[in-house]
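# Examining the three-dimensional arrangement
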Amino acid sequence: MNAASTYGLVNARVRTKRSGLLSANAYKVLANASNLPETIKLLTHFNYQIRLDRVQDHSIETLERLLMAEKVRRILAIKNSSRGPARAIMAMMLNRIDAENIKTILRAWQKNDKSAANVIECPGLATLPVSQMLAAHNLVKFAEYFPDLPFYHAFLKAAEGFDRRKSLFEIEVVIDKSIYEAIWNLTGELSKTDQHIVRRMVGIEIDLKNLDWVARIRKYYLSQIKLTENSLIPNGYRLPYATLRRMISTGSLEDGMEKIMPGLASATTTESDQLTALERLEQFLNQALFHEANRLFLEFPLSIASTIGYYYLVRIESRNIRTLLNSKYYKLPPQIVLAKLVY
C-alpha cells in the first residue's frame, strides 16, 4: 500500500476539519463571556456542538461528559478514514478513553458505590456493563468484562497484589503503561518518517503523564518512593527517566524545568512554589504539543503527520473548552482563564 493511497483521503479530510477548530480570537471571545450559559451559547455559535438537548441537567459534570463524547466522535471519524497501521494507532487512541472509563469504574468499585459517575458511553468505545462490574466479587471477575482491551492481561497481573495493599495505584499505573507500550509497539509497523512523527508526539505526552505521576508520588506515596518509581512511563521526549527520578527523590521540579526550559528555572522551595512550577512545566509541554501538532500540517506530505497532528489539536481543544467551562462555573476573570488555555 503506497503513501498516496494510505494517506491521501484522510489527509484531505483532516485538513478541512482543522479549519473548523476554534481560533485564538474565538477563545478570547469565550473567555470574556459573562457566565456559563453565555459560554455555551457562544460555543454553539462557533459550531462546537454540545448536545444539551440530550440531557436533563446542565451540570459541569454533564457538560464534561458531552465534551468527551464529542472528542470521541472526532477521533472515531479520523480512525474510520485511516488505513493500515495508522488506523490501528487511532483505534489505540480510542482505547485510552476506554482505559479512563475502566479506572473510573474501578475507583467506584473500591468504594462499594452503586454507580460510577462520568463514564463516557458513545459509539467507538468499548461497551462496559457498569452495574455488573461494580457488583464483581473480586478484580478477576471485574476484568472479565473487558477481555479485548489491550491492558487486560497486565491488569490481571497487577490485580494479584491488590488484596495485600488495598491500593489501586499500581493497577492504574499498569493500565497507563500498557496503553503507551501498545502504541509504541504499533509505531514499529510504520515507515521511518511516520514512526518518528508519532513517537515524538507521544513522547511529549508521556512527559506530561510522568509529571502527573511525579506530583502524585510526592503528595501521596512518598513513603513508597522506591516502589513508585516504577510508575514512570518510558520513552518520554524531553524528560528522561534520570531527570524524573531526581525530581521524585529531591522533591524539586527545578531539574525538569532546567531540562526543557534552560535559564528559566527559578528556585522553588515552598509547596506553593512547587505547585506553580509544576503548572508552568505542564503549560510549557502543552504548548509544545500544540506547536508540534500545527507544524505537522506544514511538513511531511503524504504521511501520518496531518492525521496525528489533528488528533492532538482535537485533544487540546477539548481540554481548552473543559477549562473554559470550569472557569466560568467558578467565575474566574478572563485574564486568568486565557492564561490557562493553549492556543
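The structure this text deals with has already been given above.
### Some points on the overall build of the chain
Each helix and strand in the chain was counted, giving 17 helices and zero strands. In the chain, which comprises 343 residues, the share counted as buried stands at 49%. For the chain, the accessible area works out to roughly 16800 Å², and carbon and sulfur atoms hold 51% of it.

### Comments concerning the side chain of glutamate 172
Following the sequence through the fold, glutamate 172 ends up in helix α10 (residues 169-187). Apart from residues lying up to four places away in sequence, glutamate 172 is in contact with Lys103, Arg107, Trp213 and Arg216.

### Here's the deal with the nonpolar core
Generally speaking, soluble globular proteins have nonpolar side chains that are buried together. Counting residues in hydrophobic clusters, the biggest one holds 87 residues, and the most contacted among them are Ile102, Phe142, Phe146, Phe155 and Ile171. Apart from residues lying up to four places away in sequence, phenylalanine 146 is in contact with Ile102, Leu128, Met133, Phe151, Tyr152 and Phe155.

### Things to note about helix α13 (residues 241-250)
For α13, every residue scored as buried is listed here: Thr243, Leu244, Met247 and Ile248. On an axial view of α13, the arc spanned by its buried residues comes to 140°, and they lie on one face.

### Observations concerning the packing of helix α5 (residues 85-110) against α10
Two elements in contact, α5 and α10, have axes whose closest approach is 10 Å; the angle formed by their N-to-C orientations is 175°. Relative to α10, the element α5 lies roughly antiparallel. Touching Ala88, Ile89, Met92, Met93, Asn95, Arg96, Ala99, Glu100, Ile102, Lys103, Leu106 and Arg107 of α5 are Ile171, Glu172, Ile175, Asp176, Ile179, Tyr180, Ala182, Ile183, Leu186 and Thr187, all from α10. Among the residues making up the contact of α5 with α10, the classes are represented as 14 nonpolar, two polar and six charged.

Reading guide: rules and limits
Per-chain numbering applies: the sequence of each chain, read as written, is numbered from 1 onward. Owing to the predicted nature of the model, reporting of local features is limited to residues with pLDDT of at least 70; listing and counting of side-chain atom pairs is limited to 80 or more, with chain, interface and lining totals taken over all residues. Only hydrogens and water are set aside when side-chain values are computed; all heavy atoms of the structure are taken into account. Counting from the N terminus, the helices are the DSSP runs of H or I reaching at least four residues and the strands are the DSSP runs of E reaching at least two. The rule is simple: take the accessible area with a 1.4 Å probe, protein chains only, and divide by the maximum for that residue type; under 20% is buried, over 50% is exposed, in between is partly exposed. Per-residue and other accessible areas follow the Shrake-Rupley method at a 1.4 Å probe size, with only the shown protein chains counted as cover for residues. Contacts are assigned to residue pairs with any non-hydrogen atoms lying within 4.5 Å of each other. Buried Ala, Val, Leu, Ile, Met, Phe, Trp, Tyr and Cys residues that are joined via side-chain atoms within 4.5 Å together make up what is termed a nonpolar core. Summarising the geometry, the arc corresponds to the directions from the helix axis toward the C-beta atoms. To obtain an axis, a line is fitted to C-alpha atoms, over the contacting stretch when the element is a helix, and the angle between two such axes runs from 0 to 180 degrees between their N-to-C directions. Reported orientations rely on four angle classes, namely roughly parallel under 35 degrees, roughly antiparallel over 145, roughly perpendicular from 65 to 115, and oblique for the rest. Here the term charged refers only to Asp, Glu, Lys and Arg, the term nonpolar to Ala, Val, Leu, Ile, Met, Phe, Trp, Tyr, Cys and Pro, and the term polar to all other amino acids, Gly among them.

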